[in-house]
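Architecture at a glance
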Amino acid sequence: WRTAARARCSAAFTDATLRGPGRAIGGTIDVAVCHGIGVDARVARLFSVRGRGSRGLWPYVMIGLREAWRYTALDYEVELEGPGTAVRALLIAFANGREYGNGMRLCGGAELDDGLLDATIVEDRPVVSRLLHARYLAGGGAERAPRVVTRKIRRAVVRAPVAMEYHVDGEP
């Protein structure tokens, strides 16, 4: 369900974001992006197929809770401006703005105009811990949860031995 054109478009937006400080156009920043790999991409995909009139915050939360129980984390090789690190992650997110969707602030320190993306990697954990630590992820304090890496970056590479689910600004 992915196309090469969408990937190229996403890469172009990300590249524009990372070239340097954002340009103000009529008081707004030229581009804001968020990309996610893992459980958040699964939630975005399941939410996107819901019919008209069946969207909103409550269905999104319910899908998220269900997937917190069901989702099987993948093994990734992640390079954040340096050598790769192996990680079994629930999600890997990149954003240049604080709000990630539905008011969630997964990358709470992100700045639209600093020319950087904020990377957040949430390592796998038992289901109860997933639910317990979700409050940090949603509230802009991901770095307070255990086994979470947050960094400001200009370049990232993510590899997986199997096809990975991802979204671009919430669109699967």
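Before going into details, it helps to say that this report is about the structure given with it. (Residues numbered from 1 in each chain as written. Predicted model: local features only at pLDDT ≥ 70, side-chain atom pairs only at ≥ 80, totals over all residues. Heavy atoms only, no water.)

Some words on the overall build of the protein
Put simply, the test is: Secondary structure elements are defined from DSSP: runs of H or I of at least 4 residues count as helices, runs of E of at least 2 residues count as strands, and each element is numbered from the N terminus. Only heavy atoms matter for contacts: two residues are in contact if any of them lie within 4.5 Å across the pair. To measure how exposed things are, a 1.4 Å probe is used in the Shrake-Rupley method; for residues, cover is taken only from the protein chains shown.
When helices and strands are tallied, the protein shows four helices and nine strands. Counting from the amino terminus, helix and strand elements in the protein follow one another as α-β-β-β-α-α-β-β-β-α-β-β-β. Residue pairs in contact within the protein that sit at least 24 positions apart in sequence constitute 67% of those at least 6 positions apart. Summing over all exposed atoms, the protein offers an accessible surface of approximately 9300 Å²; the carbon and sulfur share of this is 57%.

Some details on the environment of Ala145
Put simply, the test is: The classification of residues rests on relative accessible area computed with a 1.4 Å probe and restricted to protein chains. Under 20% of the type maximum is buried, over 50% is exposed, and intermediate values are partly exposed.
Here Ala145 is to be found in the loop between α4 (127-138) and β7 (148-153). A relative accessible area of 4% means that Ala145 is categorised as buried. Sequence separation between Ala145 and Arg135 is 10 residues; the distance between their C-alpha atoms is 8.9 Å. Beyond its immediate sequence surroundings of up to four residues, Ala145 is in contact with His133 and Tyr136.

Here we look at the pattern of salt bridges
Defined as follows: A pairing counts as a salt bridge when a side-chain nitrogen of Lys or Arg comes within 4 Å of a carboxyl oxygen of Asp or Glu.
Applying the stated rule across the entire model yields 13 salt bridges. Close ionic contact of Arg88 with Asp124 constitutes a salt bridge, the shortest N to O distance being 3.8 Å. With Arg88 in strand β5 (residues 85-95) and Asp124 in the loop between β6 (117-123) and α4, this residue pair connects regions lying 36 residues apart in the sequence. A salt bridge links Asp124 to Arg130, with the shortest nitrogen-to-oxygen separation between them at 2.8 Å. The same class applies to Asp124 as to Arg130, namely buried.

Things to note about the packing of helix α3 (residues 57-70) against α4
The line we're drawing: The axes are straight lines fitted to the C-alpha atoms, using for helices just the contacting stretch, and the angles between their N-to-C directions are given from 0 to 180°. Throughout, a crossing is termed right-handed when the near helix is turned clockwise from the far one, and left-handed when it is turned anticlockwise from it by less than a right angle. Under the grouping applied here, Gly and all other residues not named as nonpolar or charged are polar, the nonpolar ones being Ala, Val, Leu, Ile, Met, Phe, Trp, Tyr, Cys and Pro and the charged ones Asp, Glu, Lys and Arg.
Running from N to C, α3 and α4 point in directions that differ by 145°, and their axes come no closer than 8 Å. In terms of crossing hand, the pair formed by α3 and α4 is right-handed. Facing Leu65, Glu67, Ala68 and Trp69 of α3, the residues of α4 in contact are Val127, Arg130 and Leu131. Of the residues belonging to the contact of α3 with α4, the class tally is five nonpolar, no polar and two charged.

Points about the pairing of β5
Note the cut-off: Pairing between strands is defined by DSSP: at least two bridges between them are needed.
Among the 11 residues that make up β5, eight are buried, leaving the element largely enclosed by the rest of the structure. Note that strand β4 (residues 74-80) and β5 share five bridges and pair antiparallel. Along β5, the bridge assignment pairs Asp75 with Arg88. The antiparallel pairing of β4 with β5 creates a hairpin that spans four residues between the two strands, and Glu81 there sits at a positive phi of about 55°. Taken together, the six bridges between β5 and β6 define a ladder with antiparallel strand orientation. Counted as the bridge partner of Ala95 is Asp118 from β6.

A short note on α3
Rule in force here: What a helix is expected to span follows from its residue count: subtract one and scale by 1.5 Å.
With 14 residues, α3 extends 20 Å between its outermost C-alpha atoms, agreeing within 8% with the 20 Å of an ideal straight helix rising 1.5 Å per residue. The elements touched by buried residues of α3 are α2 (39-48) and α4.

Here's the deal with the packing of aromatic side chains
This is how it is decided: Pairing of aromatic rings covers Phe, Tyr and Trp, the last through its six-membered ring, and needs centres within 6.5 Å; plane angles under 30 degrees mean stacked, over 60 mean edge-to-face, and all others mean tilted.
Summed over all chains, the structure comprises one aromatic pair. Taking 5.4 Å as the distance between ring centres and 85° as the angle between the ring planes, the aromatic pair formed by Phe47 and Tyr60 counts as edge-to-face. With Phe47 in helix α2 and Tyr60 in helix α3, the pair connects residues that are 13 residues apart, well separated along the chain.

Remarks on the environment of Val43
Within the element layout of this structure, Val43 appears in helix α2. Val43 gets classed as buried once you look at its relative accessible area, which sits at 7%. For the pair formed by Val43 and Arg66, sequence separation is 23 residues and the distance between their alpha carbons is 9.2 Å. Not counting the four nearest positions on each side in its chain, Val43 is found in contact with Tyr60, Ile63, Gly64 and Glu67.

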